[in-house]
Every structure is written in C-alpha cells, then in structure tokens.
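# Observations on the model geometry
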Amino acid sequence: MIIAVASQKGGTGKTTTSISLAAGLAKRKHEVLLIDVDPQANASKVVIPDYSSLRKEQTLFATILQRNALQPLSSTVSGLDAVASHILLSNTDIELATAKDHREARLKAALKEIAPRYDHIVIDCPPTLSWLTLNALTAADQVIVPIAPGYFELDSVVQLGKTIEEVKELFNPELQLAGFLFTMADPTINSRTSLKILRQTYTESVFSTVIPRNTDMRDAHFNKQDVFSFKPDAKAAQAYDRLIDELLHEQDA
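Okay, so let's go over this structure. All of these numbers come straight from a predicted model, not from anything done at the bench.

Attention now goes to unusual backbone geometry. For Lys 29, which is not a glycine, the phi torsion comes out positive at approximately 75°. Locating Lys 29 in the fold gives a position in the loop between α1 (14-27) and β2 (32-36). Since its relative accessible area comes to 74%, Lys 29 is described here as exposed. Despite not being glycine, Arg 67 shows a phi value in the positive range, around 65°. The topology assignment puts Arg 67 in the loop between α3 (60-64) and β3 (73-74). Arg 67 gets classed as partly exposed once you look at its relative accessible area, which sits at 49%.

Written as structure tokens, this is what we have:
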C-alpha cells in the first residue's frame, strides 16, 4: 500500500503524520519506506542520520529531475528506509514546465523497481499543489489529508479534493481517499467546532482517530526521533497507534 500524506496548507501536521505513520508501522515489524517529497526536507532531517552530509545525487532530486533510480537510505528506525528530499526540488515546477514526457509519473515509474521490497510506502507531500504533489498522488494508492483546526484549514479541503479528483481522472484512476485526519486538537471552542463541521460535511471520510496537540511530538523531532522512539506513552503516540489500527483494519476489510 502506497499512502500519500497531502495538504495544500502548511502547519497541519502533515510531516508529523508521515513520520509517525511510517515509524509506527515499522515498529509493528512491517517493512516500510518513507519518501520525502517536500523540498523543506523536514522528514529527512528527523529520520535520516547525517542528512546534512548527503549529496543531491543521493536524494529524490536525482529521481525527479535527473531520472535516476530511487536511493533508499537506512533510517534511525529498524525496518524503516527513507528516500531523502533536497531543497533544490523547489525548482521542480520550473524544470518540468517544458518537459514532454510523463512528468507527473516520474516517481511512480521509479517506484516500480523497489516497491516489492516493502509492505508499506508513505509519501510526505509538500504543502502546495505542485508537480511534486502530482507525482506523489499519481504514485499513491491512497491519500490521507491532515486538517488542523481553523476556518482556512477547512476551506482548503475543497481545493485539495478537486485536485484528487483531477488526478484520478487524468493520471491515476485507482487513487482513493483514505480519509481526513483531524490533527492538533485541543480543548478550545475553535477545535471542537472545526471537528464538528468536518464530520458533518464529510461524514464517511473522517478518521475516528483525532491527533491531539502534544509537545512531546515537537520535542521528539527536535531530538531527531519519531514519537514512538522518544516517548511511546505520549498521547500523540497513542493516537497515531490508533490511526494505524484504523488503516490496517480498512486494508484487511
């Protein structure tokens, strides 16, 4: 199963969800690959030792812009490999503007060579609707959309939903919405109201699991660890564990 974690807004817990989902699956003895498609490379910086010493030829840059094979690297988590991102991927839209080949399918084509090695592949998308995001959605089987509390965050769901439907129509008819994941929940009225609106609007598409706002997650990433390694009894770790239960149950159904 190839799962893209996508949101057109930053600050929704997208990268946190990607890291936690990939690490949590690996902790359950699954073979997992985390692909960092975000040029900010935050997921790479957390899970890949000595990330700063990597050359761009060792990262996704070489696959998307130079058509080279993917290069999975060992991570800090047993059972989890990662494909690193690079800041120069931010030039992708410019570089691919005049490309005449299947520019949306470069990641999908490269994944065919290595996908059989893994039980699950998680793709951390950039917070933009770009050629990088289109590559991720074209390669994916399912999409998880993290949504944080707030009016603008809820409003962004509409545009991303349109993008998913366009990708299904043009590039990847098998793509499915795994669900909307409410993140950064807290006891405020804003948070409760946002979750209520989300569940009323997308009744069948919202995960039961709600991810709480939790400082342990921030501290884990500051120490270059996933939350399961840093503090397995943290509320956020328990919540992501429940999310994994939901995902695996749906896949088995």
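This is not the end of the story, as more comes after the structure.
Below, the discussion takes up the pairing of strand β6 (residues 142-147). With six of its six residues buried, β6 lies for the most part within the structure. Side-chain alternation along β6 places Gln 142, Ile 144 and Pro 146 on one buried face and Val 143, Val 145 and Ile 147 on a second face that is also buried. Pairing of strand β1 (residues 2-5) with β6, which is carried by three bridges, proceeds in the parallel orientation. Bridged to Val 5 within β6 is Ile 144. Pairing between β6 and strand β7 (residues 176-185): six bridges, direction parallel. Paired with Ile 147 across the two strands is Phe 182, which belongs to β7.

Attention shifts here to the packing of helix α5 (residues 106-114) against helix α6 (residues 131-139). Two elements in contact, α5 and α6, have axes whose closest approach is 7 Å; the angle formed by their N-to-C orientations is 45°. Classified by the angle between their axes, α5 and α6 sit oblique to one another. When you trace α5 past α6, the crossing you get is right-handed. Between α5, through Arg 106, Leu 107, Lys 108 and Leu 111, and α6, the contact on the second element is made entirely by Asn 135, Ala 136, Thr 138 and Ala 139. Along the lines of polarity and charge, the residues of the contact of α5 with α6 split into four nonpolar, two polar and two charged.

The rules we used
- Residues numbered from 1 in each chain as written.
- Predicted model: local features only at pLDDT ≥ 70, side-chain atom pairs only at ≥ 80, totals over all residues.
- Heavy atoms only, no water.
- Helix = DSSP H or I, 4+ residues; strand = E, 2+ residues; numbered from the N terminus.
- Buried < 20%, exposed > 50% of the residue type's maximum accessible area, 1.4 Å probe, protein only.
- Pairing = 2+ DSSP bridges.
- Axes fitted to C-alpha atoms, helices over the stretch in contact; angles between N-to-C directions.
- Parallel < 35°, antiparallel > 145°, perpendicular 65-115°, else oblique.
- Left-handed = near helix turned anticlockwise from the far one by under 90°.
- Contact = heavy atoms within 4.5 Å.
- Nonpolar A, V, L, I, M, F, W, Y, C, P; charged D, E, K, R; others polar.

These figures capture arrangement, not role.
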